[in-house]
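# Chain and residue survey
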Amino acid sequence: MDNLRTSPPLTLNAFTPAEQNGWVELVSDSALLSDLSSEDCNLLQLSLDLIQSCLLPVAEALAKAADVTGREAIDLAKALQSRLLFLGRYELFKEHAIHKSATCVVMKAYDEHAEEDYREQFKKFADSSTNRITKEDFHSTLLTLGVTLDATLFEEKFAIWDADHSNTISEDEYIKFCKEQLDNNQRHEVVFKFMKNKDQFDREIDAREKNDLDSKFVVGVNYKYDSTNEVFLSALKQANLGDAPMCTDSTAFYAGAKFSSGVLPPEMIYALKGDDDLKTFETYFADVMKSDPELWDKIQPKVKKGRKEEKYVVKTFLTTLIEDEDGDLIEQPRSQSPLPYQLVRSSPSLDIWSFGTILYALCTGSPLFTVNRDDDLKEGVDMHKVATWDDAKKIKSLAEINDPMAKDLLSK
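Residues numbered from 1 in each chain as written. Predicted model: local features only at pLDDT ≥ 70, side-chain atom pairs only at ≥ 80, totals over all residues. Heavy atoms only, no water.

## Overview of the overall build of the protein
Stated formally: Secondary structure elements are defined from DSSP: runs of H or I of at least 4 residues count as helices, runs of E of at least 2 residues count as strands, and each element is numbered from the N terminus. Here's how the labels work: a residue is buried when its accessible area is under 20% of the maximum for its type, exposed when over 50%, partly exposed in between, all with a 1.4 Å probe on protein chains only. Between two residues, a contact is recorded if the distance between any of their heavy atoms is within 4.5 Å. Surface accessibility in these figures is a Shrake-Rupley result with a 1.4 Å probe; residues are shielded only by whichever protein chains are displayed.
Counting its secondary structure elements, the protein contains 18 helices and 15 strands. When the 412 residues of the protein are sorted by exposure, 35% land in the buried category. Put simply, 62% of the contacts in the protein that link residues at least 6 apart link residues at least 24 apart. As displayed, the protein has an accessible area near 25100 Å², and 51% of this comes from carbon and sulfur atoms.

Below you can see the structure in the form of structure tokens.
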């Protein structure tokens, strides 16, 4: 290491076979690095310092150094990265889920191979004879990437992106554009949606592929993966997602199979009427109580304490797959035992209410009701507030909004 620090090889030829072999053995043997690292001589830190501070030709020589078997140091680094990254490519934000529910988890991740995708995109858009994208085609390309510019702004921006003033976009110019305009010169971010149920995964993929969704408003599927009935996920390109609440999910014309209760309207909240209702509810969800504590924690009755204790639940239900007249499998409410409430049929009014709660949060900076990180109502008192919603509560809430147009829209 001292030799490398004091007299680093400026070319690979200046790196003797013995030195190359020793360097590759060193960077590939974690046990050796551990043994030789201490407070007096931290060999691992010295190696990192050397790599980060050396001249580019030195770094190239260190990367191409090979041991007696022909293994290059850079190949070992790539193998380590591939082993540590999810699917050999993505660095997951494992400790900070965007959304977590009983049926899915949504996580952000860094895509360490985004440039490869950009190069593949360029090949698809470029003229094969010139290996360049014409100005007209580049304008169309921006629309597919979700970038909308008027004619004047496009002309101004194109003059900057077309660095060699050829009136076309080269591959290097395209890569630079993607990194600057799409990634803001940061590591490329994507979103993963891990789904527990394969049927739900298949339906979501099918719906996205069949419908023409606007990439400006809907996160698009960039990659999908089915790990043989163990975990199901779709990797989604990052759009302006934030921590968007999930609205109601409908199954066979009924709402509430999946939900975030913080965006549900009053008709979706039910006050249990005594012990009989409670027993009926717990009997229906007996299997959930035993086998899925996370889901039970979400759906179990929430208590509003006071002179008269009240228990509230969401009008949710379990589902089962049945075959329709066309032979397709569809979800239907499971009816192994009765529920204490009538299920609510899906309607546009449910989605309008959910939209209103989101708009209220955007206008005031606070949710309409107190919710947890999954956008579920936290306590029984919060469910009581929704269940007993009236004009007086609406007027009080609207007083928090300053924008007159937003207030008028939310008052309807």
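So, next bit.
## Here we look at the packing of aromatic side chains
For the record, the criterion: Any two rings among Phe, Tyr and Trp, with Trp reduced to its six-membered ring, count as a pair given centres within 6.5 Å; such a pair is stacked if its planes are under 30 degrees apart, edge-to-face if over 60, and tilted if neither. Whether a charge sits over a ring depends on NZ of Lys or CZ of Arg being within 6 Å of the ring centre and within 35 degrees of the ring normal.
For the coordinates displayed, the defined rule picks out 20 aromatic pairs. When the ring of Trp161 is compared with that of Phe177, the centres are 4.8 Å apart and the planes differ by 70 degrees; the resulting orientation is edge-to-face. Of this pair, Trp161 sits in helix α9 (residues 151–161) while Phe177 sits in helix α10 (residues 171–182), and the two are 16 residues apart along the sequence. Judged by relative accessible area, Phe177 falls into the buried class, the value being 2%. Look at Tyr174 and Phe177: their rings are 6.3 Å apart centre to centre, the planes differ by 40 degrees, and that puts the pair in the tilted class. With Tyr174 and Phe177 both in helix α10 and 3 residues apart, this pair spans about one turn of that helix. Above the face of the Phe259 ring, Lys298 is positioned so that its terminal group lies 4.6 Å from the ring centre.

## What about the environment of Tyr284?
Inspection of the secondary structure assignment puts Tyr284 in helix α12 (residues 274–284). For Tyr284, a relative accessible area of 2% puts it in the buried group. As for Tyr284 and Ser337, which are separated by 53 residues in sequence, their C-alpha atoms are 5.6 Å apart.

## Describing the pairing of strand β5 (residues 189–195)
Cut-off, in case you're wondering: Pairing between strands is defined by DSSP: at least two bridges between the two strands are required.
Most of β5 is tucked away, with 6 of its 7 residues classed as buried. Of the strand pairs in this sheet, strand β2 (residues 104–111) and β5 are connected by 7 bridges, and their pairing is antiparallel. Bridge assignment links Cys104 to a residue of β5, and that residue is Met195.

## Digging into the pattern of salt bridges
Let me state the cut-off plainly: The salt bridge definition used is simple: a Lys or Arg side-chain nitrogen within 4 Å of an Asp or Glu carboxyl oxygen.
Enumeration according to the criterion identifies 15 salt bridges in this entry. Among the ionic pairs, Asp376 bridges to Lys298, the shortest N-O distance being 2.6 Å. With Asp376 in the loop between α15 (348–364) and α16 (380–387) and Lys298 in helix α14 (residues 293–299), this pair connects stretches of sequence that are 78 residues apart. An identical accessibility class is assigned to Asp376 and Lys298; each is buried. For Lys394, the salt bridge identified is with Asp391, shortest N-O distance 4.0 Å. Highlighted residues: Lys394 and Asp391, both in helix α17 (residues 391–398), separated by 3 residues, approximately one helical turn. Judged by relative accessible area, which is 24%, Lys394 ranks as partly exposed.

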